[in-house]
Protein chains: 2
Amino acid sequence: MVDWIAVDWGTSNLRIWALDADGNVVAEKRSDEGMGGLEPAAAEGVLLSHIEAWISDKVMPIIACGMVGSRQGWQEAPYNTTPTAPIQNAIKVKTKDARIDVRILAGIKQDTPADVMRGEETQIAGFLASRPEFEGVICLPGTHSKWVEISKGRVMQFQTILTGELFALLSKQSVLRHSLGTWDDRTFTDTLKDTIQAPQNMFSALFSIRARGLLEGDNVGIARLSAGLIGCELAGTTHYWQNRHVVIIGTGALARLYALALQAIGQKTEDYRASDLTLNGLKSAYKEVFK
Amino acid sequence: MVDWIAVDWGTSNLRIWALDADGNVVAEKRSDEGMGGLEPAAAEGVLLSHIEAWISDKVMPIIACGMVGSRQGWQEAPYNTTPTAPIQNAIKVKTKDARIDVRILAGIKQDTPADVMRGEETQIAGFLASRPEFEGVICLPGTHSKWVEISKGRVMQFQTILTGELFALLSKQSVLRHSLGTWDDRTFTDTLKDTIQAPQNMFSALFSIRARGLLEGDNVGIARLSAGLIGCELAGTTHYWQNRHVVIIGTGALARLYALALQAIGQKTEDYRASDLTLNGLKSAYKEVFK
C-alpha cells in the first residue's frame with residue numbers, strides 16, 4: 001500500500017509521509033529528532049524506527065530534503081549553483097539496509113553575493129509544480145528569511161536575512177525583553193514605513209523602545225521591534241519586491257506579518273502555506289528522481 | 001584617615017573607593033554584588049559589609065552612581081532632563097544606619113527622541129572636570145553605546161545604540177557563532193566603509209558571513225560582524241560625529257575599535273580611560289553635593 005516515502009528532515013524536526021501510487025498520503029509521522037541533535041551514523045536507524053512497518057520485500061524509494069543533506073547531516077548533498085532548477089542532482093545515500101533507496105535533495109548556493117539555502121528549494125519546487133509559469137519573487141519568512149527571484153522555472157538569484165533569529169534573540173534575551181507589551185497593527189505599519197525610509201536609524205530606534213517604555217509607559221514595544229527588523233529587511237531587498245509580483249510562502253502569524261508589511265507599502269502579495277508546499281516539492285522530486 | 005567614600009554600583013559590579021581629605025585614594029574594593037542581583041532592602045547591608053572598617057564616630061559622606069539609583073535599585077534617583085549639567089539633584093538615601101550619609105546621583109533622560117543614561121553622566125562629569133571648556137561629542141562604546149553632544153558644560157542631546165548587546169548575542173548565540181574565525185583590521189575597515197555607505201544591506205551582509213564561511217572558507221567573520229554593527233551605528237549617528245571633535249571614553253579593545261573605525265572614515269579622535277573618569281566624576285559630585 002505504501003509506494004514511497006517523503007521526508008522533511010531539518011535541524012530541529014523530522015517529518016515523514018507515506019504515499020501510495022497515486023500520491024495520496026496514507027500515513028504521517030512527526031518527531032523532534034532533528035539532524036541538529038544527531039550524529040550522521042545515527043540517521044539511518046532513526047529513520048528506520050519510524051518507517052519499519054511500511055517496508056515489505058520490495059525496495060522502498062525515499063526522498064528527503066533539508067539539513068539531512070548538509071555537511072553535518074546524514075550524507076552531504078552538494079549545492080547546485082544559481083541560476084538553477086530548484087530540484088536537481090539528488091544524491092543516493094549509502095545505506096546499510098538494502099530494503100531502502102534513499103535520495104537526498106541538494107540545496108542551492110549563490111557565489112556572488114555568497115548565499116545558501118537548504119530545504120527552501122523543495123518548497124519552491126512545490127510552488128512551481130502548481131504554478132509552472134510563475135515569473136516573479138518568492139518571499140519565505142522565517143528564522144532566516146529568503147527572497148528568491150524566479151524566472152522560467154529556475155532560481156535566478158536569492159538573498160537571506162536573519163531577521164527571525166535577530167527577533168528571537170532581541171525579544172527573549174536583550175534589554176528589550178522588559179519592554180515588549182502588546183501587539184498593535186497601526187504601530188507596526190507606521191514604524192515599518194519610518195524604518196524603510198531611514199534604515200540607518202533602526203539601531204537607535206531599538207534602544208528607544210526601552211526608553212519609551214521607561215519614560216512614557218509605552219506598551220507596544222513588540223510591534224516596534226518587529227517593524228524595525230522587518231523594515232530593515234525590506235529596505236535591503238527593494239530590488240526584490242519593488243514593482244514585482246511577490247508570493248509569500250510561510251505559516252501563521254509570521255506570513256501574515258510580512259503580508260501586512262508589504263501591503264502597507266503598496267505591494268500586493270499572494271500567500272501559500274509552507275508545509276503543503278514541502279510535500280508537493282518532494283512529490284515533484286520523486287517523479288524526477290525515480291521515474 | 002578616610003574622609004569620604006565613592007561608589008560605582010552597576011547592574012553587575014560594585015566598586016568602592018575610600019578617599020582622604022585631599023582626594024587621594026587610600027583603599028579600594030571590588031565585588032560582583034551588582035544591583036541586578038540584589039533586592040533594594042539588601043543594598044545598605046552589602047555596602048556596610050565593605051566599608052565598616054572605614055567608619056568612625058563622624059558621619060561618613062558617600063557618593064554613589066549607576067544602577068543603584070534606578071527604579072529597581074536601592075532608592076530611585078529621578079532623571080535630569082536634557083539639556084542639563086551632567087551632575088545635578090543627587091538624592092539623599094534613607095538609611096537605617098545613622099553613621100552614613102549616602103547620596104545617589106541622578107541619571108539623564110531625553111524626551112524626544114526618548115532616551116536614558118545612568119552611570120555615563122558621571123564619566124562625562126569626570127571628563128569635564130579636566131576639560132571644562134570642551135565643545136563637541138563624547139562617544140562611550142559599550143553594551144549600550146552612547147553618543148553625547150556637549151556644550152558649555154552641559155549634555156545637550158544624546159543617543160543610545162545597543163551595538164555591544166547585539167554583538168554579544170550574534171557572536172555567541174546565532175548561526176554566526178560558527179563563522180567568527182580570526183580578527184583582521186583591513187577587513188574591518190573595508191566592511192565598515194561599505195556598511196556606512198549602504199546600511200540597509202547590513203542585515204543581508206550578516207548572513208553572508210555564514211555563507212562565505214561555508215562556501216569560500218572565509219575566516220575573518222568576526223571582523224565582518226564588528227564592522228557591520230559598528231558601521232550601522234556610525235551610519236545612524238552621522239549628525240554626532242561628522243566634522244565634529246569626538247572624544248572616545250572607553251576601555252581596552254572596544255575603545256581601540258571605535259577609534260580605528262572613526263579614523264578609517266577620516267575622523268580624528270581622542271581617547272580617555274573610562275574607569276579613571278568615573279572616580280573623577282564622583283570627586284566632582286562630592287564637592288558639589290557636600291560642600
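Residues numbered from 1 in each chain as written. Chains lettered and ligands numbered in written order. Predicted model: local features only at pLDDT ≥ 70, side-chain atom pairs only at ≥ 80, totals over all residues. Heavy atoms only, no water.

**Observations regarding the domain arrangement of chain A**
- Looking at chain A, the domain boundaries give domain 1 (4-118) and domain 2 (160-273).
- Centre-to-centre separation of domain 1 of chain A and domain 2 of chain A, based on C-alpha positions: 33 Å. (Domains from an automatic or database assignment.)

**Concerning the relation of the copies chain A and chain B**
- The transformation that overlays chain A on chain B combines an axial shift of 0.0 Å with a rotation of 180 degrees, and the residual RMSD is 0.1 Å. As the rotation angle and translation indicate, the two copies are arranged about a two-fold axis. (Least-squares fit on C-alpha atoms with pLDDT ≥ 70 in both.)

**Points about the interface of chain A and chain B**
- On the chain B side, the residues contacting the 42 residues of chain A number 42 residues.
- Summing both partners gives a buried area of about 3400 Å² for chain A against chain B, and 73% of it is carried by carbon and sulfur.
- Linking chain A with chain B are 5 residue pairs in polar contact (both at pLDDT 80 or more).
- Those elements that place two or more of their residues in the side of chain A that touches chain B are strand E8 (108-110), strand E9 (115-117), strand E12 (154-161), helix H3 (163-173), helix H5 (202-216) and helix H6 (221-235) of chain A.
- Top element by residues in the side of chain A that touches chain B is H5(A). It accounts for 11 residues.
- Its residues placed into classes, the side of chain A that touches chain B shows 21 nonpolar, 12 polar and 9 charged. (Contact = heavy atoms within 4.5 Å. Buried area = accessible area lost by both parts, 1.4 Å probe. Polar contact = N/O pair within 3.5 Å; in protein donor to acceptor, adjacent residues only side chain to side chain. Helix = DSSP H or I, 4+ residues; strand = E, 2+ residues; numbered from the N terminus. Nonpolar A, V, L, I, M, F, W, Y, C, P; charged D, E, K, R; others polar.)

**Some remarks on the packing of aromatic side chains**
Residues and elements named next belong to chain A.
- This model, assessed by the stated rule, comprises 12 aromatic pairs over all chains.
- Ring centres of Phe127 and Tyr272 lie 4.9 Å apart, and the angle between their planes is 90 degrees; this geometry places the pair in the edge-to-face category. Of this pair, Phe127 sits in helix H2 (residues 120-130) while Tyr272 is found in strand E14 (residues 269-273), placing the two residues 145 residues apart along the sequence.
- A relative accessible area of 22% places Tyr272 in the partly exposed class.
- A ring pair is formed by Tyr286 and Phe290, whose centres lie 5.6 Å apart and whose planes are at 40 degrees; its orientation type is tilted. Within this pair, Tyr286 and its partner Phe290 are both found in helix H9 (residues 274-290), separated by 4 residues, close to a single helical turn.
- Relative accessible area serves as the criterion here: at 8%, Tyr286 is assigned to the buried category.
- Judged by relative accessible area, Phe290 falls into the partly exposed class, the value being 22%. (Phe/Tyr/Trp six-rings, centres within 6.5 Å; stacked < 30°, edge-to-face > 60°. Buried < 20%, exposed > 50% of the residue type's maximum accessible area, 1.4 Å probe, protein only.)

**Focus on the pattern of salt bridges**
All names here are of chain A.
- One pass over the structure, following the stated rule, counts 30 salt bridges over all chains.
- Arg15 is the partner of Glu28 in a salt bridge, and the nearest nitrogen-oxygen pair spans 2.7 Å. Taken together, the residues span a long stretch of sequence, with Glu28 in strand E3 (residues 25-31) and Arg15 in strand E2 (residues 14-19) at a distance of 13 residues.
- Looking at Glu28, the relative accessible area reads 39%, which means it is partly exposed.
- The buried category is assigned to Arg15, whose relative accessible area is 17%.
- One continuous salt-bridge network, built from bridges that share partners, spans Arg15, Glu28 and Arg30. (Salt bridge = Lys/Arg side-chain N within 4 Å of Asp/Glu carboxyl O.)

**Some points on empty space enclosed by the protein**
- By the definition in use, this model includes 1 cavity of 30 Å³ or more.
- Considering only enclosed or pocket space, the largest cavity measures out at about 30 Å³ in volume.
- Broken down by secondary-structure element, the contributors of at least two residues to the lining of the largest cavity are H3 and H5 of chain A together with helix H3 (163-173) and helix H5 (202-216) of chain B.
- Broken down by class, the residue content of the lining of the largest cavity amounts to 12 nonpolar, no polar and no charged. (1 Å grid on protein atoms, 1.4 Å probe; cavity = no way out; pocket = protein on both sides within 12 Å on 5 of 7 lines; lining within 4 Å. Points joined across faces, edges and corners; volume = space filled by probe spheres on them.)

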